[in-house]
Amino acid sequence: MTIDEARAHIGDGVIYRPRGGSTDSTEEGTITSVSDRFAFVRYGRSRTSAATDPADLTLLARESGSDG
């Protein structure tokens, strides 16, 4: 993901996969804000967001459904 893609998806879910890391290193989180270099992601039940390289993030697929 690029920094611009992260900026367009504030509030959306992502998966963190560090480059060169193992599959065990993946975490799900939510983009809370974006700076000029980092996406800030809240992981799990954490109350704070962590600065994350957007290249290590993949957008989670959104569920499609009807509003009724």
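Residues numbered from 1 in each chain as written. Predicted model: local features only at pLDDT ≥ 70, side-chain atom pairs only at ≥ 80, totals over all residues. Heavy atoms only, no water.

## Considering the overall build of the protein
Next up, step 1: When its secondary structure is counted, the protein shows one helix and five strands.
Next up, step 2: When the elements of the protein are put in sequence order from the N terminus, they spell out α-β-β-β-β-β.
Next up, step 3: Across the 68 residues that make up the protein, the buried fraction comes to 22%.
Next up, step 4: The contacts in the protein between residues at least 6 apart in sequence include a share of 43% that link residues at least 24 apart. (Helix = DSSP H or I, 4+ residues; strand = E, 2+ residues; numbered from the N terminus. Buried < 20%, exposed > 50% of the residue type's maximum accessible area, 1.4 Å probe, protein only. Contact = heavy atoms within 4.5 Å.)

## Considerations on the nonpolar core
Next up, step 1: By size, the foremost hydrophobic cluster in this structure holds eight residues: Ala6, Val14, Ile31, Val34, Ala39, Val41, Tyr43 and Leu57.
Next up, step 2: The set of elements that each furnish at least two residues to this core consists of strand E2 (27-34) and strand E3 (39-43).
Next up, step 3: At three residues, E3 tops the list of elements feeding residues into this core.
Next up, step 4: Setting aside its immediate chain neighbours within four residues, Tyr43 contacts Tyr16, Glu27, Glu28, Gly29, Ala50, Thr52 and Leu57. (Core = buried A, V, L, I, M, F, W, Y, C linked by side-chain atoms within 4.5 Å.)

## Details of the pairing of strand E1 (residues 13-16)
Next up, step 1: Pairing analysis gives four bridges linking E1 to E2, with the strands arranged antiparallel. Looking across to E2, one finds that Gly13 is bridged to Thr30.
Next up, step 2: Direction of pairing for E1 relative to strand E5 (residues 57-59): antiparallel, over a ladder of three bridges. Along E5, the bridge assignment pairs Val14 with Leu59. (Pairing = 2+ DSSP bridges.)

## Remarks on the environment of Asp36
Next up, step 1: Of note, Asp36 is situated in the loop between E2 and E3.
Next up, step 2: Classification of Asp36 as exposed rests on a relative accessible area of 73%.
Next up, step 3: Separated by 29 residues in sequence, Asp36 and Arg7 have C-alpha atoms that sit 9.5 Å apart.
Next up, step 4: Discounting residues that sit within four places of it in the chain, Asp36 has contacts with Ile3 and Arg7.

## Quick notes on the pattern of salt bridges
Next up, step 1: Under the definition given, this model contains three salt bridges.
Next up, step 2: Asp4 is the partner of Arg7 in a salt bridge, and the nearest nitrogen-oxygen pair spans 3.1 Å. One end of the pair is Arg7 and the other is Asp4, both in helix H1 (residues 3-8) and three residues apart, which spans about a single turn.
Next up, step 3: For Arg7, a relative accessible area of 38% gives the class partly exposed.
Next up, step 4: By relative accessible area, which is 54% here, Asp4 ends up exposed.
Next up, step 5: The salt bridge partner of Asp53 is Arg19, with a shortest N-O separation of 2.5 Å. Here Asp53 is found in the loop between strand E4 (50-52) and E5, whereas its partner Arg19 is found in the loop between E1 and E2, with 34 residues between them in sequence. (Salt bridge = Lys/Arg side-chain N within 4 Å of Asp/Glu carboxyl O.)

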